[in-house]
Amino acid sequence: MKKLIILLLLSNITVLSAQEPAYGDGEWFKFRIHYGLITAGYATLEVDEKTFQGKQVHHVKGYGKTVGVSRFFFKVEDDYQTYIDKDKDIPYRFIRKIDEGGHTKDIQIDFDHESKEALVFNKKHATKEIFAFPENTQDMVSSFYYLRNRLDTKNITEGQTIDMNMMFDNENYNFRLKFLGREVLKTSFGNVPCLKFRPYVQAGRVFKEKESLTVWVTDDKNKMPILVKADLAVGSLKATLTEYKGLKHSFKIIAD
């Protein structure tokens, strides 16, 4: 079972605008990763306010691992971190440290948004390289928090797409998100009004095709991830929110 954190994070520029922040210091989510009734693992996302190189940032940490029988067959421990400017919503440093069935990576990316160059430090191979990136580029974690803050969900229309630049390891690519509409999900918290999105992902390596992921986030000021469904090459996988704390806004639930 791979890419626990990616499943949570892959969620027209014309629908992006500055708004009231959707998240803040102390926010914490826990997700159950499961095949049907079988729990494969757990993942968490948490936000802390810090000072990074003299700048006020949100330090976002994502951690996922397999548990139980799944861990016996395929051990996964994924650690993702990003340091995001509190005012500009741009990343300064991204960390990806993973162990997926013995396949390991330990990469740190430092973004210089003035020169539009990123220093990619591959700690596993002890190499450092510089790569250019387009303006307003995000990493794979900061992109989700950028969209939470900037996506104008009041005026978005069904079928509309959002495009943004994302750096993954040492590559730049265009990330696209399609809005599928609104839906009320039955959850352990109650009936939750949600926004439904389809991220377009790279097919062949993990996912069956480009449209294999579906993401539901709360239709409120939090834009909190509630559910992710993924059709993988070896079956279907879900990531379901089970616990949360430190929300910046009220959590909208519809009474039965």
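Rules used in this analysis
Residues numbered from 1 in each chain as written. Predicted model: local features only at pLDDT ≥ 70, side-chain atom pairs only at ≥ 80, totals over all residues. Heavy atoms only, no water. Helix = DSSP H or I, 4+ residues; strand = E, 2+ residues; numbered from the N terminus. Areas by Shrake-Rupley, 256 points an atom, 1.4 Å probe, with all protein chains shown as cover. Core = buried A, V, L, I, M, F, W, Y, C linked by side-chain atoms within 4.5 Å. Buried < 20%, exposed > 50% of the residue type's maximum accessible area, 1.4 Å probe, protein only. Contact = heavy atoms within 4.5 Å. Phe/Tyr/Trp six-rings, centres within 6.5 Å; stacked < 30°, edge-to-face > 60°. Lys NZ or Arg CZ within 6 Å of the ring centre and 35° of its normal. Salt bridge = Lys/Arg side-chain N within 4 Å of Asp/Glu carboxyl O. Patch = residues over 30% accessible without salt bridge, like charges linked within 9 Å, V, L, I, M, F, W, Y side chains within 5 Å. Polar contact = N/O pair within 3.5 Å; in protein donor to acceptor, adjacent residues only side chain to side chain.

## Some words on the overall build of the protein
Okay, so step 1: Within the protein one finds three helices and 14 strands.
Okay, so step 2: In the form shown here, the protein has an accessible surface area of approximately 12,200 Å², with 48% of it arising from carbon and sulfur atoms.

## Notes on the nonpolar core
Okay, so step 1: One finds I109, Y145, F197 and I226 to be the most contacted residues of the largest nonpolar core, which totals 54 residues.
Okay, so step 2: Residues contacting I226, with those up to four places away along its chain left out, are L185, T187, V192, C194, W216, V217, T218, A239, T240, L241 and F251.
Okay, so step 3: Core analysis: the second largest hydrophobic core is formed by six residues, V57, Y83, I90 and Y92 among them.

## Let's talk about the packing of aromatic side chains
Okay, so step 1: What the rule picks out here adds up to ten aromatic pairs.
Okay, so step 2: Relative to F94, the ring of Y80 lies with its centre 6.3 Å away and its plane at 35 degrees, an arrangement referred to as tilted. Here F94 lies in strand β5 (residues 91-100) and Y80 lies in strand β4 (residues 76-85), a separation of 14 residues in the sequence. There is no split in this pair, since Y80 and F94 are both buried.
Okay, so step 3: Aromatic side chains F189 and F251 sit 5.8 Å apart centroid to centroid with 70 degrees between the ring planes, which places their arrangement in the edge-to-face category. Taken together, the residues span a long stretch of sequence, with F189 in the loop between β10 (171-187) and β11 (190-200) and F251 in the segment after β14 (235-245) at a distance of 62 residues.
Okay, so step 4: Residue classification places F251 among the buried positions, given a relative accessible area of 15%.
Okay, so step 5: A connected cluster of aromatic rings, assembled from ring pairs, spans Y23, F144 and Y145.
Okay, so step 6: K30 extends its terminal NZ or CZ atom over the ring of Y42, reaching a point 4.8 Å from the ring centre.
Okay, so step 7: Sitting over the ring of F121, K128 keeps its end group 4.8 Å from the ring centre.

## Comments concerning the pattern of salt bridges
Note that side chains of opposite charge can pair when their charged atoms are close.
Okay, so step 1: The tally for this structure, following the rule as stated, stands at 13 salt bridges.
Okay, so step 2: Put simply, D48 and K61 hold a salt bridge, and the shortest N to O gap is 3.3 Å. Taken together, the residues D48 in strand β2 (residues 38-52) and K61 in strand β3 (residues 55-66) connect sequence positions 13 residues apart.
Okay, so step 3: The class for K61 is partly exposed, based on a relative accessible area of 24%.
Okay, so step 4: A salt bridge links K86 to E49, with the nearest nitrogen and oxygen atoms 3.3 Å apart. One end of the pair, K86, is in the loop between β4 and β5; the other, E49, is in strand β2, and 37 residues separate them in sequence.
Okay, so step 5: Overall, the relative accessible area of 31% leaves K86 in the partly exposed class.
Okay, so step 6: Residue classification places E49 among the partly exposed positions, given a relative accessible area of 39%.

## A closer look at a nonpolar patch on the surface
Okay, so step 1: A cluster of nonpolar side chains, V69, F72 and F73, forms an exposed patch at the surface whose accessible area comes to about 430 Å².
Okay, so step 2: On the secondary structure map, F73 appears in helix α2 (residues 68-73).
Okay, so step 3: According to the relative accessible area criterion, F73 is exposed, its value standing at 66%.

## A look at unusual backbone geometry
Okay, so step 1: A positive phi angle is found at A126, which is not glycine, with a value near 55 degrees.
Okay, so step 2: Within the element layout of this structure, A126 appears in the loop between β7 (117-122) and β8 (127-132).
Okay, so step 3: The class for A126 is exposed, based on a relative accessible area of 67%.
Okay, so step 4: The phi torsion at K223 lies on the positive side, around 50 degrees, for a residue other than glycine.

## Thoughts on the side chain of D169
Okay, so step 1: Within the secondary structure, D169 sits in the loop between β9 (161-168) and β10.
Okay, so step 2: A distance of 2.8 Å separates polar atoms of two side chains, one belonging to D169 and the other to K105.
Okay, so step 3: Sequence-distant contacts of D169, defined by excluding residues within four places in its chain, comprise R96, K105, I107, I109 and V120.

## Describing the environment of L45
Okay, so step 1: Of note, L45 is situated in strand β2.
Okay, so step 2: Through-space distance from the C-alpha of L45 to that of V60 is 7.0 Å; in sequence the pair is 15 residues apart.

## Section: the environment of V215
Okay, so step 1: Along the chain, V215 falls in strand β12 (residues 213-218).
Okay, so step 2: In sequence terms V215 and P199 are 16 residues apart; their C-alpha atoms lie 7.7 Å from each other.

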